[in-house]
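Structural overview for review
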Amino acid sequence: MRPVNGEAATLPGPLALGDPVQFVRGVGPARAAELAALGVHTLLDLIQHFPFRHEHRPRSQPIGSLREIGEPATLLGELRNVRSRSTGGRHLITADLIDATGRCKLRWFNSPFMEERLHHGAIVRVSGKTDLLRELAGMTNPQTVVLDPHDDFDKGDNERFEPVYPATGKLTSAEIRKIIHLVLQDAAMLLPELLPAALQRKRRLPALRTALLRYHEPVTAADIEVARRRLAYDELLLMQLAVRLRRQSWDARADAPILAPTPLIDERIRKRIPFALTAGQEQAIQDIRRDLSTPRPMNRLLQADVGAGKTAVALYAALTAIAHRRQVALMAPTEILARQHDQKIREYLAGSRVRIALLTGTLGSGRRGALIREAAAGKVDLLIGTHALFESDVTLPRLGLVIIDEQHRFGVAQRARLRAKGGSPHTLVLTATPIPRTLAMTVFGDLDVSTMRDRPPGRTAVKTMLTTANQQPDAWQDIRQRLLAGEQAFVVFPLVDESDSLPLKAVMTEAEHLSRGPLAGIPLGVIHGRLPGAEKDRIMRDFRSGKLRALAATTVIEVGVDVPQATIMVIEHAERFGLSQLHQLRGRVGRGDRPGVCYLFAETEGEVARQRLGVLCRTDDGFRIAEEDLKLRGPGELVGARQHGLPAFKAADLSKDLELLQQARDDASELLTADASLALPEHQALRAELMQRHGTSLDLVDVA
Ligand code: ADP
Ligand code: MG
């Protein structure tokens, strides 16, 4: 092994960033294994192992805490009993140092020049080895700083900023700090600057090396943010470059089927849609027709508030593809929604030759096998399903279009997998959760977006009421009256985890409670994610037909469920839901010709919760609500970011780096406009880092 003396400024052997961490002094196999568990294998990984926060620590320790003689220490206190004299031809200053916790002795030999500043009452910070002076702990010739009591304290001069690292049970943050310290200076010098000088100047960013050094070992409080900003900018810029390059390569492929909608096709499709399309729907259809007419694979996101009528637009796209003898996969996030799409589309297409099949996780294996064979033989035109469509034995040889409903539940990787099912299909994703700008620029940065802002005529906003515990008995009275008069209601309970069996009991218990109490005598059904498919079907059918007047449900009904005659939505423990989720839920009612009402039952009397929920009572605009939600809960909450293809950032924070992200996006665009394949010499470092970070990951699956 090559000896590496990290403390020395110069190293015996040449150090390389690719060296295994075991080359670092003090890192043996055991520590190397711990570091590996943290994703740190090389020297480069080590210096890019960033702290997730910094703790402000006083530079000094309390005098009363001195224990071991011979240990280095830093103390801060006030001088007392200062004396200076000559002994045996040597000049000597002695003093006591006191702080709130104790007293110790100090002495300085041959430092007459300090005499004037070391006066009674002076505030000093001393560092050195402790020794025993006349039975008291003390220091001889410590490093001494006389502080200005007015100035230095304000500037945080007496603080250190200790980085806190992601650590393991066996390797602490403090140990990691020491290991990094050993190599930081030397390793940082080897790191090439990533950014062209012009960009660095334009954005007033410190050099990469400086940022790295300061982020690990800040000198002042301001260092931390300046350094973080630079490191975060790099992460965001690389991501933006990756997104754009992926898009470029996508556009260049030009191998998707051309599905031009002829007037005849258009006429036939429109006959199947039982209402006049809204202007928004028409516009979205225009966008899609344009996309489908070229061999560049469509990659479009259709976003519109709940109830805006996205399904009809999707159906138009599907029928266009089918008219060209192509297969279409329509994927929904829940089984209930997949079944609903299946039923509705069958109604629309009654009597047509379009072959529709439904593939969900609860299909028996015999039925499933037969269905997969039919699909593979090209005998299915429209395959509707849940995640079950992902499974590898499902193939669609003439796949021309993939439609994904409620996009926010799916990630980039899944999208890619679906497309891998056959050829180079067009992709249309539908979402009712308006994607906040930050996310739109990240995960979805490579999508074209159509936004429908209008709604089918006659819709009115769902009247929404915040209902506190003491108002609930009255509310139930009202609800009961309306149900008896023929209306229909959803009652939603928040369950943390659908797959858990405990909450299921809870919803059953709650439903029982309702049918004994406020909803006595009213036909009530219970629906949740774990019911068998046929059972879900039966319950939804009974609710649709009006046989059941009320439906106690978990959030399985959140997405997409369309029962136009339902008018009442009751949400228990509304305070536990995100605003966008509540907006989705209330979007389940008032979809027909009668207006909807929504009761937000909130246990809390708290002002914050009240204000938060109040947003829903005041506005019906899903886009504004999503922005509020993002502010309040951060981006991860909104889309479950990690599992959904959002790259993990070490320094960037999407909930506060919006401006930086915008800058990175503009810069990425400028860079690629000037140098589309990053071939210029000043872009080599960026290019190499880009391939390293994003080349093989899902972010660039389509480039690879
Ligand atoms: P979402 O955008 O939430 O998916 P849907 O596609 O489920 O909305 O449509 C909501 C309801 O509005 C459905 O009952 C649908 O039949 C109806 N609808 C959609 N478009 C129109 C329209 N242009 N005119 C009248 N009703 C419409
Ligand atoms: Mg929908």
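See above for the structure.
Let me sum up the structure you'll find in this document. (Residues numbered from 1 in each chain as written. Chains lettered and ligands numbered in written order. Predicted model: local features only at pLDDT ≥ 70, side-chain atom pairs only at ≥ 80, totals over all residues. Heavy atoms only, no water.)

**Quick notes on the site of ligand 1**
We count it as follows: Here a residue is near a molecule or strand as soon as one of its heavy atoms is found within 4 Å of it. Any N or O atom pair separated by 3.5 Å or less is treated as a polar contact, with the protein-specific requirement of one donor-capable and one acceptor-capable atom, and with residues adjacent in sequence counted only for side-chain atom pairs. Methods summary: accessible areas were calculated by the Shrake-Rupley approach with a probe of 1.4 Å, and residue burial reflects only the protein chains presented. A run of H or I in DSSP becomes a helix once it reaches four residues, and a run of E becomes a strand once it reaches two; helices and strands are each numbered from the N terminus. Residue classes follow a fixed rule: Ala, Val, Leu, Ile, Met, Phe, Trp, Tyr, Cys and Pro count as nonpolar, while Asp, Glu, Lys and Arg count as charged, and any other residue, Gly among them, counts as polar.
Lining the immediate surroundings of ligand 1 are 18 residues, of which Gly307, Lys310, Thr311, Arg459 and Asp562 lie closest. The side chain of Gln281 places a nitrogen or oxygen atom 2.9 Å from a nitrogen atom of ligand 1. Between ligand 1 and Ala308 there is a distance of 3.4 Å, counted from an oxygen atom to a backbone nitrogen or oxygen. Relative to its unbound accessible surface of 570 Å², ligand 1 loses 87% to contact with the protein. Residue assignment for the shell around ligand 1 shows that the elements contributing at least two residues are α9 (310–323) and α10 (335–348). Per-class residue counts for the shell around ligand 1 are 7 nonpolar, 5 polar and 6 charged.

**Some words on the pattern of salt bridges**
Using the following cut-off: Just to be clear on terms, a salt bridge is a Lys or Arg side-chain nitrogen sitting within 4 Å of an Asp or Glu carboxyl oxygen. Here's how the labels work: a residue is buried when its accessible area is under 20% of the maximum for its type, exposed when over 50%, partly exposed in between, all with a 1.4 Å probe on protein chains only.
Applying the stated criterion across every chain, the model contains 37 salt bridges. A salt bridge links Lys202 to Asp667, with the shortest nitrogen-to-oxygen separation between them at 2.9 Å. Residue Lys202 is found in helix α4 (residues 197–202), and its partner Asp667 is found in helix α20 (residues 658–674); the two are separated by 465 residues along the sequence. Measuring nitrogen to oxygen at the nearest pair gives 3.0 Å for the salt bridge that ties Asp620 to Arg455. Residue Asp620 is found in the loop between α18 (607–618) and α19 (622–639), and its partner Arg455 is found in the loop between β15 (448–452) and β16 (463–468); the two are separated by 165 residues along the sequence. With relative accessibility at 30%, the residue Arg455 sits in the partly exposed group.

**Some thoughts on the packing of helix α3 (residues 173–190) against helix α5 (residues 208–216)**
Using the following cut-off: To get an axis, fit a line to the C-alpha atoms, keeping to the stretch in contact for a helix; angles then go from 0 to 180 degrees between the N-to-C directions. An angle below 35 degrees is read as roughly parallel, one above 145 as roughly antiparallel, one from 65 to 115 as roughly perpendicular, and any other as oblique. Contacts between residues were defined by any pair of non-hydrogen atoms, one from each residue, lying within 4.5 Å.
Look at α3 against α5: their axes get within 9 Å of each other, and the N-to-C directions meet at 170°. One finds that α3 runs roughly antiparallel with respect to α5. Every residue of α5 that contacts α3 at Ile180, Leu184, Gln185, Ala188 and Met189 is listed here: Arg209, Leu212, Leu213 and His216. In terms of residue class, the contact of α3 with α5 is made up of 6 nonpolar, 2 polar and 1 charged.

**Considerations on the pairing of strand β13 (residues 399–405)**
Keep this limit in mind: Note: two strands are recorded as paired if DSSP finds a minimum of 2 bridges between them.
In terms of residue burial, β13 counts as a mostly covered element, since 7 of its 7 residues are buried. Pairing geometry for strand β10 (residues 327–331) and β13, over 5 bridges, is parallel. The residue bridging Leu330 from the neighbouring strand is Ile403, located in β13. Relative to strand β14 (residues 426–431), β13 runs parallel, the two sharing 5 bridges.

Note that all results are geometric; they support no functional claim without further evidence.
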